[in-house]
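# Analysis of the macromolecular model
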Amino acid sequence: MRITLPGGEHTLREPVTWAKPAGPAKSRVVYAAAHVVADPLGDNTPGSPAAVDWEATMRFRRHLWSYGLRIADAMDTAQRNMGLDWAATRELIRRSAAEAAEFGDPATLVACGAGTDHRPDAGTPEEVVAAYTEQIETVRNAGAGVIVMASRQLARIARGPEDYHAVYGKLLSQVDRPVILHWLGEMFDPHLAGYWGSADVSEATASFLALIREHAPMVDGVKVSLLDAEHEIGLRAALPEGVRLYTGDDFNYPSLIKSGSHALLGIFDAIAPAAAAALQALDAGDLEGYDEIMDPTVALSRKIFERPTYNYKTGIVFLAWLNGHQEAFSMVNGAQAARSLPHLAEVFRLADRAGLLTDPELAVSRMRSLLAVNGL
């Protein structure tokens, strides 16, 4: 099958049939950060409250669980701070945890982001703590695990590491079970520059480690999204025993997972079938098989996450649409317009090469419709 794309004609490979695993990976704990499906008939113009297609959003979560992956929900992949308002976030947390209960323990199967985005006016550390506390309680009351997201409000008001330690120390002293801490780099959100109290990554890392060591019993793990493999390996080695490193490096994840990192990745939303198969190979000690599956996904991920990195959600949703997980290529906040047609055409090519267009006829039909709408 062939399709003419911007940049030339592309001949599709034979589709790959990815077997679903009997259960989750045993050698790694792996979360896929999941996107939300916009209601195509809702008013999702920029600045409007999010209108979500809840049925399709939950159906996609069932798809991820069917491949043995845990879900990280209400995170940046779900457009937190980029269109998913707090009212929709609360509902997403409630629905995802309730849906997870049909498969097992929600606290194991889904962890949700708790932040401070509903209080953009928070102007003191105490107000930031209060905002975090409200969202943490929302997640815990739903029955899900907690991911403490990086806070734009804290980044804005913090005078140095001491304010981060005061806020996070208070939060970690009042949680009832271990949480995941999230360090999101400024390439994902420019408002988070200098997080942990310094623009110098080594100084910020020292501050971060001091906090973790002080509160290790309440830290399940740390999710690091800095796109720096060498830094991640060093941080992983320095963590207290029992604290996991969840890679958030969507550029270097195959080697980092293979060398010992766990994972919490936005790209796993798009490559779930391949990721599950690779993890089964890793469990079996088949490193060659792991590489054979994972390596072709890297070019795809690097394209989706190219600069400006925070627009990666558009490629994630585009692939979900091509693969029939949702009926429209639409996003909350109108974010489907955040990438160019040539960019999306290259995502199409790379997804095909990685064996991740599960129904080529459907994908080609939908791609042709997108090209036609754009006059091609």
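Scroll up a little and you will see the structure.
A brief look at the structure comes next. (Residues numbered from 1 in each chain as written. Predicted model: local features only at pLDDT ≥ 70, side-chain atom pairs only at ≥ 80, totals over all residues. Heavy atoms only, no water.)

## What to know about the environment of L84
The condition that has to hold: Each helix is a run of H or I in the DSSP string that is no shorter than four residues. Each strand is a run of E no shorter than two, and both are numbered from the N terminus. Contact definition: two residues touch when any of their heavy atoms are within 4.5 Å.
Relative to the helices and strands, L84 resides in the loop between β4 (70-73) and α2 (86-100). For the pair L84 and A278, spaced 194 residues apart in sequence, the C-alpha to C-alpha distance is 32 Å. Sequence-distant contacts of L84, that is, excluding residues within four places in its chain, are made with V36, A50, V52, A78, Q79, T89, L92, D117 and V332.

## Digging into the packing of aromatic side chains
As a reminder of what qualifies: Stacked, tilted and edge-to-face are the three classes assigned to paired rings of Phe, Tyr and Trp, where Trp is represented by its six-membered ring and a pair needs centres within 6.5 Å; plane angles under 30 degrees give stacked, over 60 edge-to-face, the rest tilted. Three labels apply to residues, based on accessible area from a 1.4 Å probe with only protein chains included: buried if under 20% of the type maximum, exposed if over 50%, partly exposed otherwise in between.
Following the criterion strictly, the structure yields 16 aromatic pairs and no others. Taking the centre distance of 5.7 Å and the plane angle of 20 degrees together, the rings of W321 and F329 count as stacked. In this pair, the class of W321 matches that of F329, namely buried. The rings of Y132, Y164, Y168, W183, Y195, W196 and F208 are connected pair by pair, giving a single aromatic cluster.

## Let's talk about the pairing of strand β5 (residues 110-114)
Formally: For two strands to be treated as a pair, DSSP must find no fewer than two bridges joining them.
In terms of burial, β5 is largely enclosed, as 5 of its 5 residues are buried. Burial of β5 is two-sided: the residues V110, C112 and A114 facing one way and the residues A111 and G113 facing the other way are all buried. Sheet analysis places β4 next to β5, joined by 3 bridges and oriented parallel. Within β5, the residue paired with A72 across the bridge is A111.

## Looking at the environment of V317
By the element assignment, V317 lies in helix α13 (residues 312-322). Separated by 19 residues in sequence, V317 and Q336 have C-alpha atoms that sit 8.0 Å apart. When residues no more than four places from it in sequence are discounted, the contact partners of V317 are H35, Q326, F329, S330 and M331.

## Here we look at the nonpolar core
One recurring pattern in soluble globular proteins is that nonpolar side chains are buried together. For clarity, the cut-off: Residues belong to a common nonpolar core when they are buried Ala, Val, Leu, Ile, Met, Phe, Trp, Tyr or Cys residues joined through side-chain atoms within 4.5 Å.
Core analysis: the largest hydrophobic core is formed by 125 residues, its most contacted members being Y168, L181, Y195, F268, F348 and M367. Beyond its immediate sequence surroundings of up to four residues, F348 is in contact with I3, L5, H10, L12, F318, L322, L357, A363, V364 and M367. In terms of nonpolar packing, the next biggest core, distinct from the first, is built from 11 residues, V29, A111, Y246 and L264 among them.

Scope: geometric values only; no functional claims are made or implied.
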